[in-house]
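Chain residues, written in single-letter form:
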Amino acid sequence: MSESQHDPVVVAGAGPTGMTAALALRARGVPVVVLEAEPEGRNRPGSRAIYVHGTTLHTLERNREGLGKRLADAGLVWPTRRTLFRGKEVFSRTYDSPGGTGDLPHFTSLPQVETEEFLLDALAELDVEIHWDSAVETVESEPDGVRVETEDGREWETPYVVGADGAGSTVRKEIGSNFEGSQSENSFIIADVDEHPDEPRAHERVFHYDHPEVGGRNVLLVPFTGGWRVDIQCKLTDDPERLASDAVVSDMVAKTLGERYRDRVDWVSSYQFKQVTADSFVDEHRRVLLAGEAGHLFAPFGARGMNSGIADADEAASAIAVAARSESDGVARAEVELYGARREAAAEWNKNAAGEALEYLQGDGVVTKFKKRAAAGLSDYYEDAGEWLDDAPYGPRGGPPIATIGRY
Ligand SMILES: Cc1cc2nc3c(=O)[nH]c(=O)nc-3n(C[C@H](O)[C@H](O)[C@H](O)COP(=O)(O)OP(=O)(O)OC[C@H]3O[C@@H](n4cnc5c(N)ncnc54)[C@H](O)[C@@H]3O)c2cc1C
């Protein structure tokens, strides 16, 4: 192959993972170009990743000064977390500070479209080239580099590829890597609801076990800048399509957020969540690195999707920066191999953590039901019992032991 080590690295996909990978490569002095399947100015629906963890803000800040701070300033930190069991409050705690370290809070809540706008602006400031309408079609990896072809017939020769092209990743398929895992039994209805301009609700994250007003279904309410995420867990006997219809969703929104929100539903979708990881994050020649949803899909409880995609992107850029400057092929290979090993282990940890939350939420067995009811009963006397009910829907705290500078 004729390319030199100075040819830009190709990042496939301009989602949050791909854009972070491009910023992180530039921060390490590595030339990069982004190929994105969709057109410029596209409209991506839904709020999707709203919970941006503090370690993610720090990762973005480290790679582009001011970026983490911009996200934090635009997002909101809800001061209160609250849990109700069949309509009765079992836990509530309000914090008097946003926590975190330095200028950056413990987390911020911001719709993914806005996060993506900030990333896009940062790339524009650095003049990073993004080729829109450029879907990657083939990826041919060899020991000394990679040849990428886009659907419009253009060819790119590059020393390394970051495959950040999302769940249906062409790059993953091209390197012969496969998703392995499972899918949630229950469906979940997710709606974005616009904040009421005159009578906004207090910013609190509220989890309802068996909400009495919506047929005893679990409901999660999360505020973000400009709106609310309403997440309703269907019963196994539900028809998710019927529940996701405009009339039913508006009704459930009115019963959970308040009547004044009935006509403020902006977007609705129903999901069965996949819990899968790619069987390899790198190709046989150690020239292609999968990152983000190209490499893993998790149920959203614990907010591990975008947060871990951004951690992948940062580590992929580190590995490529060292490999590209290395004077030994063996060292270059080892760097990429290490990336694969670290991020596969992290993905497995994140998958299990999200799986724990999912299992808990779906758990319909006698023992699980008894534990939840007992904790609700004890919550009047022991705060720990209520706090357990408040924590459990998001899985274990903490992150993979392999993630040294982040939490995902
Ligand atoms: C309802 C919901 C709630 C969520 N909540 C959270 C949360 O609170 N916190 C969190 O961390 N995560 C959350 N997530 C997950 C989060 O949205 C994803 O993890 C995140 O979008 C993954 O980013 P990505 O860049 O890896 O993939 P994507 O966002 O899918 O981006 C991939 C990009 O690649 C492009 N592409 C596709 N094919 C090609 C190709 N062949 N060539 C070039 N480009 C291509 C796509 O057009 C897209 O721009 C949630 C997801 C959902 C659905």
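Source: prediction; values computed, not measured. (Residues numbered from 1 in each chain as written. Predicted model: local features only at pLDDT ≥ 70, side-chain atom pairs only at ≥ 80, totals over all residues. Heavy atoms only, no water.)

*Asks:* Talk me through the overall build of the protein; I want residue IDs and the actual numbers.
*Replies:* Along its length, the protein carries 11 helices and 20 strands. Taking 22 Å as the expected radius of gyration for a compact globule of 408 residues, we find that the protein reaches 22 Å, a close match to that expectation. Taken along its principal axes, the extent of the C-alpha atoms in the protein is 70 × 45 × 45 Å. Counting only contacts in the protein whose residues sit at least 6 apart along the sequence, the fraction spanning at least 24 positions is 73%. In the protein, the 43 positive side-chain charges and the 71 negative ones have mean positions that sit 7 Å from each other. (Helix = DSSP H or I, 4+ residues; strand = E, 2+ residues; numbered from the N terminus. Rg over C-alpha atoms; globule rule 2.2 N^0.38 Å. Contact = heavy atoms within 4.5 Å. Lys, Arg positive; Asp, Glu negative; His and termini not counted. Charge placed at Lys NZ, Arg CZ, Asp CG, Glu CD.)

*Asks:* Quick rundown of the domain arrangement of the protein? Include the residues and the values.
*Replies:* Splitting the protein by domain gives domain 1 (9-79 + 97-181 + 278-359) and domain 2 (188-271). Computed over C-alpha atoms only, the centres of domain 1 and domain 2 are separated by 30 Å. Listed per partner, the contact involves 16 residues of domain 1 and 12 residues of domain 2. For the pair domain 1 and domain 2, the two sides together bury roughly 1,200 Å², of which 67% comes from carbon and sulfur. (Domains from an automatic or database assignment. Buried area = accessible area lost by both parts, 1.4 Å probe.)

*Asks:* Could you give an account of the environment of threonine 237, naming the residues involved and the relevant values?
*Replies:* Structurally, the position occupied by threonine 237 is in the loop between strand S16 (227-233) and helix H6 (240-243). Accessibility expressed as a relative area gives 75% for threonine 237, which makes it exposed. (Buried < 20%, exposed > 50% of the residue type's maximum accessible area, 1.4 Å probe, protein only.)

*Asks:* So what's going on with the sheet that holds strand S12 (residues 179-183)? Residues and values would help.
*Replies:* What the three strands build is an open sheet, ordered S12-S18-S20; its pairing is antiparallel. Since the sheet does not close on itself, it has two edges, and those belong to S12 and strand S20 (296-297), each with one partner. For S12 and strand S18 (residues 274-278), the ladder comprises five bridges, and the chain directions are antiparallel. Residue phenylalanine 179 lies in a different strand from S18, and its bridge partner there is alanine 278. Here helix H9 (residues 329-362) sits on the sheet in contact with S12, S18 and S20, set at roughly 170° to S18. (Pairing = 2+ DSSP bridges. Axes fitted to C-alpha atoms, helices over the stretch in contact; angles between N-to-C directions.)

*Asks:* For the packing of helix H1 (residues 16-27) against helix H8 (residues 305-325), give the residues involved together with the corresponding values.
*Replies:* Interaxial distance between H1 and H8 falls to 8 Å at its minimum, and their mutual angle equals 30°. Judged by the angle between their axes, H1 and H8 are roughly parallel. In this structure, H1 crosses over H8, and the sense of that crossing is right-handed. Contact residues: Pro16, Thr17, Thr20, Ala21, Ala24 and Leu25 in H1; Met306, Gly309, Ile310, Ala313, Asp314, Ala317 and Ile320 in H8. By residue class, the composition of the contact of H1 with H8 is nine nonpolar, three polar and one charged. (Parallel < 35°, antiparallel > 145°, perpendicular 65-115°, else oblique. Left-handed = near helix turned anticlockwise from the far one by under 90°. Nonpolar A, V, L, I, M, F, W, Y, C, P; charged D, E, K, R; others polar.)

*Asks:* Before we move on, could you go through a nonpolar patch on the surface and cite the residues and values that matter?
*Replies:* A cluster of nonpolar side chains, contributed by Leu378, Tyr381 and Tyr382, occupies part of the molecular surface with about 390 Å² of accessible area. Its place among the elements puts tyrosine 382 in the loop between helix H10 (366-378) and helix H11 (383-391). (Patch = residues over 30% accessible without salt bridge, like charges linked within 9 Å, V, L, I, M, F, W, Y side chains within 5 Å. Areas by Shrake-Rupley, 256 points an atom, 1.4 Å probe, with all protein chains shown as cover. Salt bridge = Lys/Arg side-chain N within 4 Å of Asp/Glu carboxyl O.)

*Asks:* Please set out the sheet that holds strand S19 (residues 288-290) residue by residue, giving values where relevant.
*Replies:* Read from one edge to the other, the open sheet built from five strands follows the order S7-S2-S1-S11-S19, with strand pairing classed as parallel. One side of each edge strand has no neighbouring strand; the edge strands of this open sheet are strand S7 (129-131) and S19. The average angle at which neighbouring strand axes cross in this sheet is 20°, direction not considered.

*Asks:* Pulling in residues and values, what's your account of the site of the ligand?
*Replies:* As a matter of local geometry, the ligand sits amid 32 residues, with Glu36, Arg42, Gln112, Glu293 and Met306 nearest to it. At the level of secondary structure, the elements contributing two or more residues to the shell around the ligand comprise H1 and H8. Here the residues of the shell around the ligand sort into 14 nonpolar, 10 polar and eight charged. The two domains that each donate at least three residues to the shell around the ligand are domain 1 (9-79 + 97-181 + 278-359) and domain 2 (188-271). (Near = heavy atom within 4 Å.)

*Asks:* So what's going on with the side chain of asparagine 307? Which residues, and what values?
*Replies:* With respect to the helices and strands, asparagine 307 occurs in helix H8. Only 2.8 Å separates the side chain of asparagine 307 from the backbone oxygen of alanine 303, close enough to count as a polar contact. The contacts of asparagine 307, once residues within four sequence positions are left out, are Tyr51, Val52, His53, Thr56 and Tyr408. (Polar contact = N/O pair within 3.5 Å; in protein donor to acceptor, adjacent residues only side chain to side chain.)

*Asks:* Outline the pattern of salt bridges, listing residues and values.
*Replies:* Taken as a whole, this structure holds 35 salt bridges when the rule is applied. As a salt-bridge pair, arginine 82 and glutamate 89 come within 2.6 Å of each other at their nearest N and O atoms. If you follow the salt bridges from partner to partner, you end up with Arg81, Arg93, Arg205, Glu383, Glu387, Asp390, Asp391 and Arg397 in one network.

*Asks:* Go over the pairing of S18, please, and point to the residues and values.
*Replies:* By the criterion of burial, S18 is predominantly enclosed, with four of the five residues buried. Judged from the two bridges that link them, S18 and S20 form a sheet pairing that is antiparallel. Paired with threonine 277 across the bridge in S20 is histidine 296.

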